[in-house]
Amino acid sequence: MAPKLRLGLASKLELNCAEEPEFAAMDSLADVVANICRDTRESSCDERIAVLRSIGEHCVYGSELRLLLKKKEAPICYVWFEPTPWMDITQGLLKTIYVNKMVKAGYIVKILIADWFAPRNYKICNNKSKVRNIGYYNIEMWKAAGMDLDRVEIVWLSDELERHAPDYWSLALDVSRKYTMKRMASFYVDPAPFGGPQVLPAADIFYTCMQVAATLCQKLQADIWLFSMDQWDIAVLTREYCEDIKRETKPTIMLHNILPNLVDDPYLDHHYLYNMRDPKWNIFMHDKEHVSHRIRRAICPPKVAVSNPCLEYVRYVIFPWFRKFEVQKERDGSNKAFACMEELIVDYESGDLDPVDVKLALERGIYKILEHVDDYFNSKAEAQAVIMALKDQIEPTVSADQLKIYRQNEDIIHPGYTPRYHDHEV
């Protein structure tokens, strides 16, 4: 499965430990926008590499990154994004932080909205205009979060495929010829609707070929790609394909950090193999009223900072947004403001900080951010229109094609297997 593949290819990756993003102390979303949208200053090669390292821990073949940045003062970085009506805070808040940091450092940032891939989800209708409405919702959410979209280009994959169809499809077909079905199935990392990769729809097999082809399409003129960590194996396969065909120009691929699931499940690799749309594992951009319930159910083991999901949320959301983390200690009523993650970890591992106090402080911080997002949508007529249009894009039931696939594959796993249907509302 995918985790083993990642470990097996670790020697091909360059690990870069990320430092905390530097933002001025702020109390409102307006302060966030004013801070992260300052005029781009000229950055040295080392400074621009440091920016990418603060965004993600891994870079596929990062040794080439320095050569690239020495040659180009303003490299083109494409951010891969698949439109979703279930936009969680990794896709909304973290991506806003990452994109603004790259813009500020002098990168030319383009977000590639892979609208062609959204209908793979059986809950999303197969209609280009309706899928694009979902993308508009995602864009509006980034505006609410403070993304500097004035200096970011939005690129729709469907438009690029129409313009460069001969180049793209010949490349996608060649990728499909190089690898077996078993190998392609190993890259699928969302088993919830199916029970395992052996019962995948064919669309999910070919998806891998299409994504590799999009990454390598020279017409896009990408210098750097930014994927999320759950697409590690796709990034590695892209480079592997380049080596197989002895391609001279190989893409540099950064993998940005993602938030872990909040509820521990011993049967899942909770950083990768969980259903991103399941509310019990995630916080969504319109989840202001449910933040308290989500975080109070979250795992936060006392005196354990490693793989602690609540502390990961503090690291990647609270510190970048507020530059501090304020905790009120229930036992004596005192307040303490932490200026960095290292300081927080020392107190937490010593037992000086109670998990309940940390969770309450995290809850207040997340609520405050999402409150600003809600205010944006409540005050903008165009944002409200996007939300109304979004409600018509989701299929209310499992499609007939999807049911057929389930039934055809019931006996593949074991006799008597009952498919699990997940119907999530917007």
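Relevant structure appears above.
Bear in mind that the values here come from a model prediction, so they are computed numbers and not experimental data. (Residues numbered from 1 in each chain as written. Predicted model: local features only at pLDDT ≥ 70, side-chain atom pairs only at ≥ 80, totals over all residues. Heavy atoms only, no water.)

### Observations regarding the pairing of strand β3 (residues 76–81)
Extensive coverage of β3 is indicated by the burial of six of its six residues. Taking every second residue as pointing to the same face, both faces of β3 are buried, with I76, Y78 and W80 on one and C77, V79 and F81 on the other. Where β3 and strand β4 (residues 108–113) come together, six bridges link them in parallel fashion. Residue pairing for β4: C77 is matched across the bridge by V109. Pairing between β3 and strand β6 (residues 224–228): three bridges, direction parallel. Bridge pairing in β6 links V79 to L226. (Buried < 20%, exposed > 50% of the residue type's maximum accessible area, 1.4 Å probe, protein only. Helix = DSSP H or I, 4+ residues; strand = E, 2+ residues; numbered from the N terminus. Pairing = 2+ DSSP bridges.)

### A few points about the pattern of salt bridges
Pairing between side chains becomes possible if they bear opposite charge and their charged atoms approach one another. In total, this model carries 22 salt bridges according to the counting rule given. With a shortest N-O distance of 3.5 Å, K288 and E289 are connected by a salt bridge. For E289, a relative accessible area of 59% gives the class exposed. Here D347 and K336 are joined by a salt bridge, their closest N and O atoms 2.7 Å apart. With D347 in helix α14 (residues 341–350) and K336 in strand β9 (residues 335–338), this pair connects stretches of sequence that are eleven residues apart. Each of the salt bridges in this network shares a partner with another, and the network as a whole consists of D115, K128, R132, D159 and E162. (Salt bridge = Lys/Arg side-chain N within 4 Å of Asp/Glu carboxyl O.)

### Some thoughts on unusual backbone geometry
In this structure, Q221 takes a positive phi of about 60 degrees despite not being glycine. Inspection of the secondary structure puts Q221 in the loop between α10 (202–216) and β6. Classification of Q221 by relative accessible area gives exposed; the value is 56%. Here the phi dihedral of K303 falls at roughly 65 degrees; this positive angle occurs in a residue that is not glycine.

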